[in-house]
Amino acid sequence: MSPSFAASPFDSWLADDPEIASLLTREAERQSTTLQLIASENFTSPAVLAASGSVLTNKYAEGYPGRRYYGGNQIVDEVEDLARERAKSLFGADHANVQPHAGANANLAVYQALLEPGDTILAMRLDHGGHLTHGSPASITSKVWRFVSYGVSPATGDADKPGEVIDFDQVADVARRERPKLIVAGSTAYSRIIDPMPFREIADSVGALFMFDAAHPAGLIAGKVHPSPVGVADVVTFTTHKTLRGPRGGAIVCNAEFAKAIDSAVFPGLQGGPLEHVIAAKAVAFAEAARPEFHTYAANVVANAAALGRSLTKEGFRMVSGGTENHQVLLDLRAFDEELTGKEAQETLDRAGLTCNRNTIPDDPRSPFVTSGLRLGSAALTTTGMGEAEMQLVGELISRTLRSRQDDAELGAIRAEVRELCSGFPPYPTLVTT
Ligand code: DSN
């Protein structure tokens with residue numbers, strides 16, 4: 001018999017809104033019976049869910065602890081102070097701002113704090129793995145500041161020297177030529193460790209400031225399996241919901257000299273009232289990430305991505321950058337099937353219960369809406385307790401699904417296998433009601 005799911009641990013509280021209750025139940029079911037392979041997603045702990053669904057959502061708290069524009073903030077001040085202290089301790093930082101509603105807001109706040117409109121920022125090319133806030137023409141960032149970019153080196157096709165890794169000669173050349181005021185490291189689709197040191201050296205050589213966007217590897221940094229940019233970069237931004245496994249949101253840590261400018265840029269520069277329920281949930285996540293078991297989790301995330309990559313390589317896929325050292329596997333689908341686009345792959349995998357996203361690959365001949373790549377991540381499945389044996393199987397399931405694009409019966413069979421696999425690794429056992 002298939003299991004049933006509750007909408008939330010507070011199921012009965014939604015009794016007066018059956019429409020939303022039903023949608024939440026269906027989403028709990030979806031998350032629990034399909035394979036979550038989106039590299040920017042994870043499953044929070046029940047404690048994080050409880051804090052983010054708490055009475056703190058009711059409180060207005062514009063300002064910062066001790067300097068609010070509304071009354072009644074004594075307890076909220078303690079919550080936000082705790083979150084800031086935990087973030088500082090987790091990352092070894094002088095200062096933390098836990099108010100950004102998202103990673104994009106965190107990046108915007110840093111640009112606003114450190115730069116004047118029109119200043120030049122050197123960041124990673126979007127089609128080589130950079131983020132929208134690293135200068136996409138569609139983002140407000142490119143309308144306010146002038147972006148120049150660096151990318152990855154060309155693919156070589158040689159397994160020992162795969163290419164498609166950050167080209168530091170190019171970073172240095174563009175920096176010398178363009179004299180940026182800020183250099184940004186960090187990416188949204190890149191499967192290698194990003195070493196902050198060469199960026200620091202290049203920034204120093206041209207008198208630029210240095211921001212590290214750690215949205216993706218924040219949990220791997222907190223878990224001490226990736227080098228920390230804190231103290232190397234002037235400012236580090238991150239999201240709290242990816243590998244860090246907290247609630248959806250952003251945060252900034254920085255050296256003391258930038259604290260005041262960063263705080264003013266977040267509020268009142270960019271945002272109004274902070275989401276204190278989310279800040280409480282961030283505090284919970286920071287405490288969880290400081291525990292020794294989070295180091296084990298982070299190491300398992302990396303080992304699982306590598307296992308998934310090995311399985312997919314055996315199935316005929318090519319990994320961009322020739323491998324993975326983080327939670328991501330970025331696939332060039334053309335080696336597997338020249339005709340297969342990222343869009344078709346994503347949609348077919350969805351039908352079989354494997355959730356992931358299409359992605360451009362370096363120098364992709366297809367548009368960002370279609371793409372030749374697929375981005376996969378191991379953070380969420382690792383949280384459920386899956387290990388390398390399951391990753392091997394997931395790689396095989398992906399391959400079988402994409403070979404069976406026209407075969408509804410086979411896709412149905414794979415969907416059943418996925419459901420069976422997931423039943424052994426429920427992300428929220430308390431939401432399973434039968
Ligand atoms: N860039 C998105 C991602 O990595 O999924 C988040 O902004």
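Residues numbered from 1 in each chain as written. Predicted model: local features only at pLDDT ≥ 70, side-chain atom pairs only at ≥ 80, totals over all residues. Heavy atoms only, no water.

Peer 1: Would you mind going over the overall build of the protein with me for this structure?
Peer 2: Within the protein, the regular secondary structure consists of 15 helices and 15 strands. Compactness check: the protein gives a C-alpha radius of gyration of 22 Å against a globular reference of 22 Å for 434 residues, within 12% of the reference. Each of the three principal axes of the protein carries a C-alpha extent, and together these read 60 × 55 × 40 Å. Within the span of the protein, comprising 434 residues, buried residues form 58% of the whole. Pairs at least 24 apart in sequence give 71% of the contacts found in the protein among residues at least 6 apart. Accessible area of the protein: about 17,800 Å², with a carbon and sulfur share of 53%. Charge centroids of the protein, computed over 39 positive and 53 negative side chains, lie 2 Å from each other. (Helix = DSSP H or I, 4+ residues; strand = E, 2+ residues; numbered from the N terminus. Rg over C-alpha atoms; globule rule 2.2 N^0.38 Å. Buried < 20%, exposed > 50% of the residue type's maximum accessible area, 1.4 Å probe, protein only. Contact = heavy atoms within 4.5 Å. Areas by Shrake-Rupley, 256 points an atom, 1.4 Å probe, with all protein chains shown as cover. Lys, Arg positive; Asp, Glu negative; His and termini not counted. Charge placed at Lys NZ, Arg CZ, Asp CG, Glu CD.)

Peer 1: When you look at the packing of aromatic side chains in this model, what are you seeing that I'm missing?
Peer 2: Two measures describe an aromatic ring pair: the distance that separates the ring centres and the angle between the ring planes. Per the stated rule, a full pass over the model turns up 14 aromatic pairs. Residues F43 and Y428 carry aromatic rings whose centres are separated by 6.1 Å and whose planes lie at 90° to one another, so their mutual orientation is edge-to-face. In this pair, F43 sits in the loop between strand 1 (35–36) and helix 2 (46–52) while Y428 sits in the segment after helix 15 (408–423), placing the two residues 385 residues apart along the sequence. The same class applies to F43 as to Y428, namely buried. One aromatic cluster is present, built from ring pairs that chain together Y150, F168, F199, F210 and F212. The ring of F369 has R358 sitting right over it, with the charged end atom 4.7 Å from the ring centre. (Phe/Tyr/Trp six-rings, centres within 6.5 Å; stacked < 30°, edge-to-face > 60°. Lys NZ or Arg CZ within 6 Å of the ring centre and 35° of its normal.)

Peer 1: Is there a simple way to think about helix 15 in this case?
Peer 2: Side chains three or four residues apart in an α-helix point the same way, a direct result of the helix having 3.6 residues per turn. Between its terminal C-alpha atoms helix 15 stretches 23 Å, which fits the 22 Å expected from 16 residues at 1.5 Å a residue. For helix 15, every residue scored as buried is listed here: L411, I414, R415, V418, L421 and C422. End-on view of helix 15: buried residues confined to an arc of 125°, all on one side of the axis. Residues of helix 15 that are exposed and point more than 90 degrees away from the buried face comprise A409 and E420. Along its buried surface, helix 15 packs onto helix 1 (18–33), strand 1, helix 12 (342–351), strand 13 (354–355) and helix 14 (388–403). (Expected span 1.5 Å × (residues − 1). Arc of directions from axis to C-beta.)

Peer 1: What is the right way to read the pairing of strand 12 (residues 328–332) from this model?
Peer 2: Along any regular strand, the residues point their side chains to alternate faces of the sheet. Most of strand 12 sits inside the fold, with five of its five residues counted as buried. Here strand 12 shows a buried face lined by Q328, L330 and D332 and a second buried face lined by V329 and L331. Summarising the sheet, strand 11 (residues 318–319) and strand 12 pair through two bridges and their orientation is antiparallel. Directly across from M319, in strand 12, lies its bridge partner L331. When strand 12 meets strand 15 (residues 373–377), the two strands line up antiparallel, connected through five bridges. Within strand 15, the residue paired with V329 across the bridge is L376. (Pairing = 2+ DSSP bridges.)

Peer 1: I would appreciate a short explanation of the site of the ligand in the present structure.
Peer 2: Near the ligand you find S40, H131, T188, H216, K242 and R375, and these make up its full shell. For the shell around the ligand, the class distribution of residues is no nonpolar, four polar and two charged. (Near = heavy atom within 4 Å. Nonpolar A, V, L, I, M, F, W, Y, C, P; charged D, E, K, R; others polar.)

Peer 1: What should I look at first to understand the packing of helix 11 (residues 292–314) against helix 14 in this one?
Peer 2: It is the contact of helix 11 with helix 14, at a shortest axis distance of 8 Å, that shows an interaxial angle of 35°. Taken as a pair, helix 11 and helix 14 cross one another with a handedness that is right-handed. Residues A303, N304, A307, L308, R310, S311, L312 and K314 of helix 11 lie in contact with helix 14, whose contacting residues are E388, M391, Q392, V394, G395, E396 and I398. For the contact of helix 11 with helix 14, the residue count by class is seven nonpolar, four polar and four charged. (Axes fitted to C-alpha atoms, helices over the stretch in contact; angles between N-to-C directions. Left-handed = near helix turned anticlockwise from the far one by under 90°.)

Peer 1: Help me understand the sheet that holds strand 7 (residues 182–185) in this model?
Peer 2: Strand order in the open sheet formed by seven strands is 4-10-9-8-7-5-6, with mixed pairing between adjacent strands. The strands lining the two open edges of the sheet, one partner per strand, are strand 4 (95–97) and strand 6 (146–150). On average, each strand axis in the sheet is inclined to that of its neighbour by 20°, with strand direction left out of account. Sheet contacts for helix 9 (residues 259–270): strand 4, strand 9 (235–239) and strand 10 (250–254); angle to strand 4, the most-contacted strand, approximately 5°.

Peer 1: Got a minute to help me understand the nonpolar core in this structure?
Peer 2: Looking at soluble globular proteins, one finds that nonpolar side chains tend to be buried together. I183, F199, F238 and L244 are the most contacted members of the largest nonpolar core, which has 61 residues in total. Sequence-distant contacts of F238, defined by excluding residues within four places in its chain, comprise F91, A214, A215, A218, L244, G249, G250, A251, I252, V253 and F286. Counting residues in hydrophobic clusters, the runner-up holds 33 residues, among them A307, A345, M391 and I414. (Core = buried A, V, L, I, M, F, W, Y, C linked by side-chain atoms within 4.5 Å.)

Shape descriptors only; they carry no functional weight alone.
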